[in-house]
Amino acid sequence: MGAAADKNNVILVRADGTALTFSTFLGSSGLETAFGVEVDANDNVFVVGVTQSSAFPTTGNALQKDLQGPSDMFLMKFDGAATLQVSTLFGGNREDEPFRMAIDRQGSVYVVGTTGSTGIRPVDAVQPANGGGRDLFLLKVSNALDTVQMFTYLGGAADDTGLSMALDANGRIILSGRAISTDLLTTGNARQKTLAGGTDAILAVIDTSGSMHGLPEQVAKAVVLEALRTAHSEKRRCYLYAY
């Protein structure tokens, strides 16, 4: 299975190793480029890319049917017989560009890329708003492409891009990319906390295992304990204010 682009449209091709079993164009009058294709455990095929077409073909069950900015991400799902199940757009008021996708054991679809859009509704977000310029984004949607399960920005005041991702067995998402922002969010255990050059690499791990779910008091205790642990390991003072 592979996806590529000609001057305007995406080409989706499937072969069984000895013969071509499926080949089609995907797109409309504008520019389309595919960046990823994945197959889930049920032989469904998912394609992710970017479109500038105002009339990009979407299905009735699409999350988003109309182009919101100069370019939006598209996501398409085909069944094992190459029948289109879902075609949807996703994006905001500026350019949105995906670079990599992955599928977890439950069938949820993840996409990482870069966006200049502001106002995309955050869901279970690490960073709920665009930090400025272009930010790395992470999107998680259901296997049916009908529910946003997670959307978060990750970036600072300049341009930051997500280029690759991987999923581990413990429900963590490992993201990599490049950063120009000097104010990018880093953690207490970061290997490098400040930008060292004009452009640095990004490595981020997001835990979706549910280990931080629970009552507000339980989550607050976990956060305080982690802050104390970090302060102790770095031999720094830690102040606790109770309300």
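Our subject is the structure that appears above.
Note that this is a predicted model, so its numbers are computed, not measured. (Residues numbered from 1 in each chain as written. Predicted model: local features only at pLDDT ≥ 70, side-chain atom pairs only at ≥ 80, totals over all residues. Heavy atoms only, no water.)

**Here we look at the overall build of the protein**
Helix and strand content of the protein: one helix and 14 strands. Counting all 243 residues of the protein, 39% fall into the buried class. For the protein, the computed accessible surface area is about 13100 Å², with 52% contributed by carbon and sulfur atoms. (Helix = DSSP H or I, 4+ residues; strand = E, 2+ residues; numbered from the N terminus. Buried < 20%, exposed > 50% of the residue type's maximum accessible area, 1.4 Å probe, protein only. Areas by Shrake-Rupley, 256 points an atom, 1.4 Å probe, with all protein chains shown as cover.)

**Describing the pairing of strand 2 (residues 10-15)**
Relative to strand 3 (residues 20-26), strand 2 runs antiparallel, the two sharing six bridges. Paired with Ala15 across the two strands is Leu20, which belongs to strand 3. Taken together, strand 2 and the strand that follows it, strand 3, pair antiparallel across an intervening segment of four residues, in which Gly17 is found at a positive phi of about 100°. (Pairing = 2+ DSSP bridges.)

**A closer look at the packing of aromatic side chains**
Counted by the stated rule, this structure contains six aromatic pairs. Each ring, one from Phe56 and one from Phe74, has its centre 4.9 Å from the other, and the planes form 25°; the classification is stacked. Here Phe56 is found in the loop between strand 5 (45-51) and strand 6 (72-78), whereas its partner Phe74 is found in strand 6, with 18 residues between them in sequence. Among the residues examined, Phe74 registers a relative accessible area of 0% and is labelled buried. Members of the aromatic cluster, each reached through a chain of ring pairs, are Phe90, Phe137, Phe151 and Tyr153. (Phe/Tyr/Trp six-rings, centres within 6.5 Å; stacked < 30°, edge-to-face > 60°.)

**Some thoughts on the nonpolar core**
Among the nonpolar cores identified, the biggest contains 19 residues, and Leu75, Val111, Leu139 and Phe151 are the most heavily contacted of them. Breaking this core down by element, the ones donating at least two residues are strand 5, strand 6, strand 7 (84-90), strand 8 (96-103), strand 9 (109-115), strand 10 (135-141) and strand 11 (148-154). In this structure, Leu139 is in contact with Met73, Leu75, Phe90, Val109, Tyr110, Val111, Val148, Met150 and Phe151, ignoring residues within four places of it in sequence. One finds Leu154, Met165, Ala179 and Ile206 within the second-largest nonpolar core, a separate group that totals 15 residues. (Core = buried A, V, L, I, M, F, W, Y, C linked by side-chain atoms within 4.5 Å. Contact = heavy atoms within 4.5 Å.)

**Let's talk about the sheet that holds strand 5**
Strand order in the open sheet formed by four strands is 4-5-6-7, with antiparallel pairing between adjacent strands. The open sheet terminates on both sides in strands that have one partner only, identified here as strand 4 (32-39) and strand 7. Going across the sheet, the axis of each strand differs from the next one's by a mean of 15°, ignoring polarity. As paired elements, strand 5 and strand 6 share seven bridges and run antiparallel to each other. For Val47, the partnering residue across the bridge sits in strand 6 and is Met76. (Axes fitted to C-alpha atoms, helices over the stretch in contact; angles between N-to-C directions.)

**A word on the pairing of strand 10**
Of all seven residues in strand 10, seven are buried, a share of seventy percent or more. On strand 10, burial covers both faces: Asp135, Phe137, Leu139 and Val141 on one face and Leu136, Leu138 and Lys140 on the other are all buried. For strand 9 and strand 10, the ladder comprises seven bridges, and the chain directions are antiparallel. Of the residues in strand 10, the one forming a bridge with Tyr110 is Lys140. As judged from the six bridges shared by strand 10 and strand 11, these two strands associate in the antiparallel manner. The partner of Val141 across the bridge, within strand 11, is Val148. Hairpin remark: strand 10 followed by strand 11, antiparallel, with six residues in the connecting loop; positive phi at Leu145, about 60°.

**Topic: the environment of Thr199**
Mapped onto the secondary structure, Thr199 falls in the loop between strand 13 (172-179) and strand 14 (200-207). A relative accessible area of 47% places Thr199 in the partly exposed class. On a C-alpha basis, the gap between Thr199 and Arg178 in space is 6.6 Å, while along the polypeptide they are 21 residues apart. The residues touching Thr199, leaving out its near neighbours within four places in the chain, are Arg178, Ala179 and Ile180.

**Structural notes on unusual backbone geometry**
With the exception of glycine, the majority of residues adopt a negative phi angle, and the majority of peptide bonds are in the trans configuration. Backbone geometry places Asp43, a non-glycine residue, at a positive phi of 70°. Structurally, Asp43 can be placed in the loop between strand 4 and strand 5. Among the residues examined, Asp43 registers a relative accessible area of 31% and is labelled partly exposed. Phi is positive for Asp124, close to 50°, though the residue is something other than glycine. Structurally, Asp124 is set in the loop between strand 9 and strand 10.

Any functional reading would require information beyond the geometric quantities listed.
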